Amino acid sequence: MDSLSKKFSKYLLVSSLGANIIGSVFVIFLSFIKGFDAKQISFIVGTTPLIVLPLFLIWGSILDKYKDVTKISKFINLSNVVTMIILTLINNFVLFFIVNLVRSILLQPGGTLNDKYLLNISKSNEGSYGKIRVMLTIGFGLAGIIAPIAIKLGGIYLAIIVGSSLIILSIFLLNKLSEDEEDLIEETERSRKDKKGLLKSILQLLKNKKYLKYLIIISIIWGTQNAAAGYGIQIMLIDLKISDAVISLIPFMMVIFEVIILLTYEKIKFFERTDIALLISLIVLIVRWAIMIFTNSYIVILIITMLHGIVTGIVLQIQNKIVGNIVPPEQHVIAFILMNSLSATILPSILNLTTGELYSNYGIKVFGLVYLILSIIALGLLGTNLFKKRKLQ
């Protein structure tokens, strides 16, 4: 009989694969199937996350009240499939935007639920956090292989059907999972106590100049990469008249080096110095964005997309270490929430809206240019850190 960690690993792999197949074809679905232009697509992918973000507090109270993680996960996965089916039937832009907004609200807590369940497994020594969490990365990468095959065989709709079928399969896999009620109750109580001091923690955290500096640097790294992956690169390839099957290869290209870095990270000694690791990440990003400005070759764009994995593999390893070193333990949770909100939602959304507006006047070069300017700003901030440390030595 499989252990709880193995069961959850299988669920993460299947659900991640299904969701990322749909995610990897979503922008080309908007462009090739729905016929929306770049501005309309940037409005959808840019505005929706910003509107949905504050509603996380409502989901938080719901998750506190209902402790059954697997039942809520089933509801979210089912919502993913049902709303995607509805979106395939809608051609009116305003109605599409509204339904997609509802969809985003329903799917919002999915990642938090996975982390919550995974935390309980780790606490009970049922499995290693890292070894289980890597299933999400594998699922993301495999989506970049399966989606192009599905598109070649039956078009974008077949890719959506395959992704939806895998999500439905993940719902059945959830039936095999048990829950540790005591751990969940403990987590709920801790969450309620944390919320009472939430405003106070945020105000104290904003006075931490070291945290603010790293918050900006790391958010720019993640924010530009997320914006490029979720909108920029796909619009560039659509503009270059590249086939939808090739565009859906993006997730696979993104994780190749990430897996290598994650497996070899501990053997690379200079990565132990967090500022040096961040410096390498920013140099790689600057090279990537600079090439994006000057190239019109889809092959070059796909090749430099692999640099995403190098940066991700490095920053994933050090961001927790940085927060642990410069933020008091009682503020760790809110520090991560602020960092994740800024880097995964707020900055990518603003970038998608901005580049979508600029693209109509200046073409595909704006994506690399905007990302490059932000990355140079981050490099400047990091440079002041390195300079101060060298001065103190």
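In the block above lies the structure referred to throughout.
Here we summarise the structure given alongside this text.

Calculation criteria
Residues numbered from 1 in each chain as written. Predicted model: local features only at pLDDT ≥ 70, side-chain atom pairs only at ≥ 80, totals over all residues. Heavy atoms only, no water. Helix = DSSP H or I, 4+ residues; strand = E, 2+ residues; numbered from the N terminus. Buried < 20%, exposed > 50% of the residue type's maximum accessible area, 1.4 Å probe, protein only. Contact = heavy atoms within 4.5 Å. Areas by Shrake-Rupley, 256 points an atom, 1.4 Å probe, with all protein chains shown as cover. Phe/Tyr/Trp six-rings, centres within 6.5 Å; stacked < 30°, edge-to-face > 60°. Core = buried A, V, L, I, M, F, W, Y, C linked by side-chain atoms within 4.5 Å. Arc of directions from axis to C-beta. Bend = angle between axes of the 7 residues up to and from the residue. 1 Å grid on protein atoms, 1.4 Å probe; cavity = no way out; pocket = protein on both sides within 12 Å on 5 of 7 lines; lining within 4 Å. Points joined across faces, edges and corners; volume = space filled by probe spheres on them. Nonpolar A, V, L, I, M, F, W, Y, C, P; charged D, E, K, R; others polar.

Quick word on the overall build of the protein chain
Right, on to step 1. Per the secondary structure count, the protein chain includes 18 helices and 0 strands.
Right, on to step 2. For the protein chain, buried positions account for 50% of its 393 residues.
Right, on to step 3. Within the protein chain, counting contacts between residues at least 6 apart in sequence, those at least 24 apart form 85% of the total.
Right, on to step 4. Accessible surface, the protein chain as shown: approximately 18,600 Å² in total, 67% of it carbon and sulfur.

Quick word on the packing of aromatic side chains
Right, on to step 1. For the structure on display, the rule yields 10 aromatic pairs.
Right, on to step 2. Ring geometry for Phe-26 against Phe-29: centres 6.3 Å apart, planes inclined by 35°, an arrangement best described as tilted. Here Phe-26 pairs with Phe-29, and both are found in helix 1 (residues 4-33), just 3 residues apart, close to one helical turn. The burial state of Phe-26 is the same as that of Phe-29; both residues are buried.
Right, on to step 3. Pairwise contacts between aromatic rings join Phe-26, Phe-29, Phe-36, Phe-43, Phe-93, Phe-96 and Phe-97 into one cluster.

Section: the nonpolar core
Right, on to step 1. Core analysis: the largest hydrophobic core is formed by 109 residues, its most contacted members being Phe-96, Ile-235, Leu-278 and Phe-367.
Right, on to step 2. If we ignore the near neighbours within four places in the chain, the residues touching Ile-235 are Val-27, Ala-38, Ile-41, Tyr-359 and Phe-367.

Points about helix 15 (residues 298-305)
Right, on to step 1. Among the residues making up helix 15, those that are buried are Ile-301, Leu-302, Ile-304 and Thr-305. Projected down its long axis, helix 15 carries its buried residues within an arc of 170°, all on one side.
Right, on to step 2. Here the buried face of helix 15 lies against helix 11 (209-239), helix 12 (244-247), helix 13 (250-264), helix 14 (274-294) and helix 16 (307-326).

Some thoughts on the side chain of Ser-341
Right, on to step 1. Structurally, the position occupied by Ser-341 is in helix 17 (residues 332-362).
Right, on to step 2. Classification of Ser-341 as buried rests on a relative accessible area of 18%.

Some words on helix 13
Right, on to step 1. At Ile-256, helix 13 shows its largest kink, close to 25°.
Right, on to step 2. For helix 13, the set of buried residues is Ile-250, Pro-251, Met-253, Met-254, Val-255, Glu-258 and Ile-261.

Some points on unusual backbone geometry
Right, on to step 1. A positive phi is found at Lys-241, a non-glycine position, where the angle reads about 65°.
Right, on to step 2. In this fold, Lys-241 is placed in the loop between helix 11 and helix 12.

Brief notes about empty space enclosed by the protein
Right, on to step 1. All chains considered together, the criterion is met by 1 cavity of 30 Å³ or more.
Right, on to step 2. Taken as a whole, the largest cavity spans an internal volume of roughly 40 Å³.
Right, on to step 3. Along the walls of the largest cavity sit Phe-8, Tyr-11, Val-69, Thr-70, Ser-73, Leu-113, Asn-114, Tyr-117, Leu-174 and Leu-177, which together make up its complete lining.
Right, on to step 4. Breaking the lining of the largest cavity down by element, the ones donating at least two residues are helix 1, helix 4 (69-89) and helix 6 (110-123).
Right, on to step 5. Residue composition of the lining of the largest cavity, grouped by class: 7 nonpolar, 3 polar and no charged.

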